[in-house]
Each structure stands twice: as structure tokens, then as C-alpha cells.
Amino acid sequence: GSFNALFRHVQCFSIHLTTNNKRRRVEASICYDEHRQAMDARVLAGLTYAPGRGVLCAREGDAYGNTWRNARPTVTAYGDPARWLAHVERLVPVESEREHLLDVLAFKVQNPGVKINHAVLLAGTQGAGKDTLFQPFLWAIGGDAQANCAVIDGAKLDAQWGYHLESEVLVFEELHQSDNADRRALENRMKPIIAAPPIYLTVNRKMLHPVEGENQALVLAMSNYRDSISISREDRRWFVLWTDAAPMTLDEIEGMVGWYKSGGFEAVAGYLAARDVSAFAPGAPPPWTDAKMAMIGAARSLAEGWLVDQIESRTGEFARGVVAGPWQALCDRLQGSAPPTGKLYPSTLLHALKDAGWTDLGMCHSRAHSRKRHLFASPVWRGSKSEARDLVETDGAPLRIVR
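Quick caveat: nothing in here was measured; it's all calculated off a predicted structure. (Residues numbered from 1 in each chain as written. Predicted model: local features only at pLDDT ≥ 70, side-chain atom pairs only at ≥ 80, totals over all residues. Heavy atoms only, no water.)

A. Here's a closer look at the overall build of the protein. Scanning the protein for helices and strands turns up 12 helices and 13 strands. With respect to the principal axes defined by its C-alpha atoms, the protein has extents near 95 × 70 × 40 Å. The burial tally for the protein puts 45% of its 403 residues in the buried class. In the protein, 64% of the contacts between residues at least 6 apart in sequence involve partners at least 24 apart. (Helix = DSSP H or I, 4+ residues; strand = E, 2+ residues; numbered from the N terminus. Buried < 20%, exposed > 50% of the residue type's maximum accessible area, 1.4 Å probe, protein only. Contact = heavy atoms within 4.5 Å.)

Structure below.
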């Protein structure tokens, strides 16, 4: 309808004559479609959101219209970013962690079409200036309107439409998991947007066809809590930072905002666009940090913490260094000495075993015991799977360690 309205003033005729061999007036859109093949035009298979690519982009031999537009402000001359860099250093004093953070931000500014396969979580004292740190980065991506950037919360992850997925940067300003039974629910819901695969994410549009956008967004999160999200020791998706910086004073906030408006945004954008990120590996796991280790422990439930302590100290059922399913039976045996916070579940036990670094041996059998059982072994276990299978049938057998 919009196309026809735009070209209403143009007389358009069909290429097909009437039965009386007369030309027939048609709408502009019909005329356009009838002449498409003769003009060697492509038919779009649909729309996509593909950062870093042109208005038209190819996918598996089909042409797609790209709704992404580069909104990065043009910065030809810029001043000294030292004031912003000092603020970053105040919040992230560890040099290796600070350098990685700067590399992440600079790489995203320079490479809109490349996925950084981990998220950044900056947590710490309320009012320390976490939002202030990221403001010039978001300006470097989308200008004053922060185009291609979306501020979301946990509720939007479950939204039916998913318009926020058409973004280069997804910002969680107050990340904090709920105290529901499944403490890893938030982590699991965020996995698809933090790392690729999945290669494409579906954006449902009201009254329109869905868009299969490319999964290129960088996830930034901020929080005031040590236990902002439950993650396992095996996690490869989160770069976690904790700041002990004191809250900014009103004068400091007004001074930084004033500097941003008087050229600071351009200074930081120019610095990020020029920073050397040739050694940065966007697909590699993020560096391990003390903040991440603390968050893993703080985010555990009371039952998970108790289980991890029992497993790491190899107390009771875990003394032999090998445990076996059925897991519900093991949970029932552990229940008597567990904290009075509810029933232990196999899923909680398996998470605790992984957090304690135990190895999943899979379904194992031996000559003496042909029935397969699912086994986990301590990090210091050096026996075979068959020996582990035999060990779980004995009482008080010593842990085998090969030195």
C-alpha cells in the first residue's frame, strides 16, 4: 500500500494485454513485480538484521534485506580520553582485567559484524559509576539516540516479540536473579544471546513476518550484587568484574557528564576506534577473575554450598572419590545430614559435582559388575572406569591416586 501511494502519479500498465489486446492499468506494485524478471532483479527471501553488512546480504544463495544501519558517529578529530581512562582504572584497578575490558569495547566498535562470544558483567557498589563507564561506548555505537543498543531486563528475555534482539549491544542495567527454585534459570535464558551458536535469533514482529537476525550482539550487564547470576565453574560465557570503588560524588558526576558533552564522547569513541585489537580473540573464553570465583560461590543456594563443601572435602558418601547413580537414592542418603532447607534433588547434586571439579565418567561397567551405572570421579582419581565401577560396590575402599 505504501509503495502504491508513493507512485500514484505514475501511469502503470500491465505487460499482459486484455482480451481486446488493450493495455490494462494496474497498481505500481503490480507493474514493478511484472517487470522484475526482465530487469534481472532479485526477489528478497525476507528480512534480516545483520550488523556490519550492506542493505542486501546473501544467505545460502538467497537475498535478504538488511534492516541494520550503521549509526556510529563520524569522528575525524578527537581529544584526550585520559579522563575516561582514569575512571575505568578507578573501577577496574587490575591491569589485565582492565585491558581485556577495553579490548572488548574497542573490538565491538571496530567490528560490528563479529560476535564476541562472552558477556561482560561489572558489579559493585551502587553509584560507583558503572553506567558512566559505558555511556561513551554506547555513544560510539549508536550516537545520541544510542541506535542499535537496547536496555533490557530479565522479563524481556521471555517477551513474545523480541525486538531487542535487533541490536548490536544488549545492556542489563540491574542484573539479579530471582530467588526461585531454579537458580540457574536466568543463566540458561541468557545463553542463546551471549554466545553463538545459535547463528540466528528469531525476532517476532507484531502483524508481520518474523525476522531471522544474526546473533552478533554483545551483552553488557551491571549489578550491585555478588550473587547477580548463578554460573557454574565450567562457565565460558561470562567475564566478571567487581569494583570496590566508592560512590561518585555529585560534583564528580556533573563534571564527567559535562566533559562527555563537551567532547568527551568523541574522545572515547576515537580512542576505541583506533585501539589496536589485532591480538584480541573474540571467540575465546574470557579470562578467569577472582570476582567470577566469588560469584560462583555466592550465587549457590544453601543446599548447593553444603554439597560442594561435602564433595571437596570428600566427606561421607564422597570419601572414596567416586560416586554413582541412581542419583535420587544418593540424595535420599544425604538428606539426613543436609541443611533443613528442603529436599535435595539430583539436578542440584550434579551441578555441585561439576562445580567441585569432579569428572563425569558416563555409564560404566566392569567384568565383575556388568550392570552399567553413571559415575562421577574426584579430580585426583587416576584409576580406570572399570576400577571406578568396582570401587562403588565396596565399602571404605581407598581413593586411588597415581603420583
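Structure's up, so let's keep going.
B. The arrangement of the packing of helix α5 (residues 130–142) against helix α7 (residues 250–274) in detail. Axis separation between α5 and α7 bottoms out at 9 Å; the angle between their running directions is 60°. Classified by the interaxial angle, the pair formed by α5 and α7 is oblique. With respect to the hand of their crossing, α5 and α7 are arranged in right-handed fashion. Between α5 and α7, the contacting residues are T132, Q135, P136, F137, W139 and A140 on the first element and M256, Y260, F265, E266, V268, A269 and L272 on the second. (Axes fitted to C-alpha atoms, helices over the stretch in contact; angles between N-to-C directions. Parallel < 35°, antiparallel > 145°, perpendicular 65-115°, else oblique. Left-handed = near helix turned anticlockwise from the far one by under 90°.)

C. Representation of the sheet that holds strand β4 (residues 119–124). On the basis of which strands lie adjacent, the open sheet formed by five strands has the order β5-β6-β9-β4-β10 and parallel pairing. For this open sheet the edge positions go to β5 (149–152) and β10 (238–243), each flanked by a neighbour on one side alone. Geometrically, the sheet is characterised by an average inter-axis angle of 15° between neighbouring strands, direction not taken into account. Across six bridges, β4 lies against β10 in parallel orientation. Counted as the bridge partner of L121 is V240 from β10. With respect to the sheet, helix α4 (residues 95–110) is in contact with β4, β9 (218–223) and β10, its orientation differing from that of β10 by roughly 125°. Sheet strands in contact with α5 are β4, β5, β6 (169–172) and β9, and its direction is about 160° off that of β9. (Pairing = 2+ DSSP bridges.)

D. Seen up close, the sheet that holds strand β1 (residues 44–48). With mixed pairing, three strands are arranged side by side in an open sheet as β1-β3-β2. Both outer strands of the open sheet, β1 and β2 (56–59), are each paired with one neighbouring strand and no more. Pairwise comparison of adjacent strand axes, ignoring direction, gives a mean angle of 40° for this sheet. Summarising the sheet, β2 and strand β3 (residues 62–66) pair through four bridges and their orientation is antiparallel. Among the inter-strand pairings, A58 is bridged to a residue of β3, identified as A63.

E. Fine view of the side chain of S366. Turning to its location among the elements, S366 is positioned in the loop between β12 (359–364) and β13 (373–377). One polar contact links S366 to D390, side chain to side chain, over a distance of 2.5 Å. Leaving out residues up to four positions away in the same chain, S366 has contacts with S386, R389 and D390. (Polar contact = N/O pair within 3.5 Å; in protein donor to acceptor, adjacent residues only side chain to side chain.)

F. Inspection of the pairing of strand β7 (residues 200–203) at higher detail. Because side chains alternate across β7, one face comprises the buried residues L201 and V203, and the other comprises Y200 and T202, none of which is buried. Relative to strand β8 (residues 211–214), β7 is paired through four bridges, and the arrangement is antiparallel. If you follow V203 over to β8, its bridge partner there is V211.

G. How the structure looks around helix α8 (residues 290–298). Those residues of α8 that fall on the buried side of the exposure criterion are A291, K292, M295 and I296. The arc enclosing the buried residues of α8, seen along the axis, measures out at 140°, which places them on a common side. (Arc of directions from axis to C-beta.)

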